[in-house]
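# Observations on the three-dimensional arrangement
In case you want the letters, here they are:
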Amino acid sequence: MKKTLSIVLVSFIAVFANAQIGLEGIVVERFYVSDFADSLNADENFATYPLHVGSVTYRVYANLLPGYKVIQMFGSQAHTLNVETTTSFYNDPNYGFSTYQGTSVVNTKKHTTLIDSYLTIGGVATGLVGVLKTEDTDGAIGNLQGVLANEDPSAGASITSVSGSDGLMPGTPVLPNILGLTSELDVFDKTPGSAFTTNGGTVAALGGVEGTTATNHVLLGQFTTDGEFCFSLNIQIATPVQGESQIFVAESPSGDEILDSTLTYCSNAIIDFVRESKFAQKNGFQLYPNPCENVITVLKDASLVNMTNLSISDLTGRVVYSSAFSSLAQQINTTEFANGIYMVRAENNGRVETLKFVKQ
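The structure contained in this document is the topic of the report that follows. Every value quoted in this text rests on a predicted model; they were computed, and no experiment measured them. (Residues numbered from 1 in each chain as written. Predicted model: local features only at pLDDT ≥ 70, side-chain atom pairs only at ≥ 80, totals over all residues. Heavy atoms only, no water.)

### Section: the sheet that holds strand 5 (residues 118-119)
Read from one edge of the open sheet, four strands run 1-2-12-5, paired in antiparallel fashion. Only two strands of the sheet have a single partner each, and these edge strands are strand 1 (23-33) and strand 5. (Pairing = 2+ DSSP bridges. Helix = DSSP H or I, 4+ residues; strand = E, 2+ residues; numbered from the N terminus.)

In structure tokens form, the structure reads like this:
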């Protein structure tokens, strides 16, 4: 009996040690920056909250390993789900919605629908799902009023020109199930408001949703605002093993919950690095200085002997640096990095530790 128990225990330990963390991180894409023509169109259609010139449309994606699926975004008594801005979220006055509702492609082409603010799990329009603009290979659907044509370089390719990238690809969108949410969603439905918060609601997709491209990015929401944009998310994902899932939280994990710092985000880089301090650290994993100009130093505690891989990516998920993490301290030259926020990732016994820093 003791021998059988030992074999079972060893097998369990082996399986646990080989378990993968399915969430590679949350990616924030700067999708579009509004201009005067967009603002005028919104005003002529009686937008409740004005579409100010310079408003930014952010897209938020869960970046998953192949075979993993997003099941839900949720808020609980222990873990608040929060999406907020310092001003208000913009909503298209004609076809805007608070959560993805299966809007037709024709209506998605009209006015400012393509930059509306809403929550989703993958879907953007009938037959189309959200993808990173850098992975969009089939051009753009265009715009029937000739707006949304701004080509601000900070947002990458145009979202309406024939040669542009609108972040839409063919797929099978799922209408999310909305549980425990009522008026909280009003800020995304033609109602001025600065915050969506819940401690007992969920936006869920039965069976889960997998990304349509090889990198497996699943769109969680799109948000347009002229203010600072911040969020704190919690998500559950399905693993490739039938009936198995993983829960990721922004803070204070308990039990099998997994902490992931990318679930917390703020668009203002100054506030972002102040929150983590000039000497960012977590669980024996540290870096300095923050912000940096030319070099950062990454350190690990002597107890983290199994932390052997190190990588740095920008907020689109693009890896800009990767190496072995063999010593306790490692200096990284950031001279060639563009200014902005970066994520440093390291694995330790199957768990992923992440820290943010600002390159300036």
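### Some thoughts on the state of the cysteines
Here the structure, examined in full by the defined rule, presents one disulfide. Sulfur-sulfur distance for the disulfide between C230 and C266 comes to 1.9 Å. Separated by 36 residues along the polypeptide, C230 in strand 13 (residues 229-232) and C266 in strand 17 (residues 264-266) bring together distant segments of the chain. Each of the two residues, C230 as well as C266, counts as buried. (Disulfide = S-S within 2.5 Å. Buried < 20%, exposed > 50% of the residue type's maximum accessible area, 1.4 Å probe, protein only.)

### Quick look at the nonpolar core
Of all hydrophobic cores here, the largest spans 42 residues; its most connected members are V83, F188, F196, F229 and F231. Secondary-structure elements contributing two or more residues to this core are strand 1, strand 2 (56-64), strand 3 (69-74), strand 4 (81-85), strand 11 (202-209), strand 12 (217-225), strand 13 and strand 14 (235-238). The element best represented in this core is strand 2, accounting for five residues. The contacts of F196, once residues within four sequence positions are left out, are L81, N82, V83, L119, L181, E184, L185, V187 and F188. (Core = buried A, V, L, I, M, F, W, Y, C linked by side-chain atoms within 4.5 Å. Contact = heavy atoms within 4.5 Å.)

### As for a nonpolar patch on the surface
Together, F36, L40 and V53 make up a nonpolar patch on the protein surface, roughly 300 Å² of accessible area in all. With respect to the helices, strands and loops of the structure, F36 is situated in helix 2 (residues 36-44). Relative accessible area serves as the criterion here: at 58%, F36 is assigned to the exposed category. (Patch = residues over 30% accessible without salt bridge, like charges linked within 9 Å, V, L, I, M, F, W, Y side chains within 5 Å. Areas by Shrake-Rupley, 256 points an atom, 1.4 Å probe, with all protein chains shown as cover. Salt bridge = Lys/Arg side-chain N within 4 Å of Asp/Glu carboxyl O.)

### What to know about the packing of aromatic side chains
In total, this model carries 13 aromatic pairs according to the counting rule given. With a centroid separation of 4.9 Å and 20° between ring planes, the pair formed by Y58 and F229 is classed as stacked. With Y58 in strand 2 and F229 in strand 13, this pair connects stretches of sequence that are 171 residues apart. Like Y58, the residue F229 is buried in the burial classification. Here Y342 and F357 contribute two aromatic rings whose centre-to-centre distance is 5.6 Å and whose plane-to-plane angle is 20°, an arrangement assigned as stacked. Highlighted residues: Y342 in strand 24 (residues 340-348) and F357 in strand 25 (residues 351-359), separated in sequence by 15 residues. Accessibility classification places Y342 together with F357 in one group, the buried group. One aromatic cluster is present, formed by Y58, F89, F188, F196, F223, F229, F231 and Y265 through successive ring pairs. (Phe/Tyr/Trp six-rings, centres within 6.5 Å; stacked < 30°, edge-to-face > 60°.)

### Details of helix 2
Considered for burial, the residues of helix 2 that qualify are D38, S39, N41 and A42. End-on view of helix 2: buried residues confined to an arc of 160°, all on one side of the axis. Along helix 2, exposed side chains directed more than 90 degrees from the buried face belong to F36, D43 and E44. For helix 2, the N-terminal cap is D35; the gap from its side-chain oxygen to the backbone nitrogen of A37 is 3.2 Å. F46, located one to two residues past helix 2, shows a positive phi value of around 60°. (Arc of directions from axis to C-beta. Polar contact = N/O pair within 3.5 Å; in protein donor to acceptor, adjacent residues only side chain to side chain.)

### Here we look at the pairing of strand 4
Of all five residues making up strand 4, four are buried, and the element is well covered by its neighbours. One ladder, built from four bridges, connects strand 4 with strand 13; its direction is antiparallel. Looking at the pairing, V83 lines up with F231 of strand 13.

### What to know about the sheet that holds strand 10 (residues 195-198)
The antiparallel open sheet is built from four strands, whose spatial order is 10-4-13-17. Each of the sheet's edge strands pairs with one partner strand only, and the pair in question is strand 10 and strand 17. In this sheet, neighbouring strand axes are inclined to one another by 5° on average, regardless of whether the strands run parallel or antiparallel. Direction of pairing for strand 4 relative to strand 10: antiparallel, over a ladder of four bridges. Looking at the pairing, L81 lines up with T198 of strand 10. (Axes fitted to C-alpha atoms, helices over the stretch in contact; angles between N-to-C directions.)

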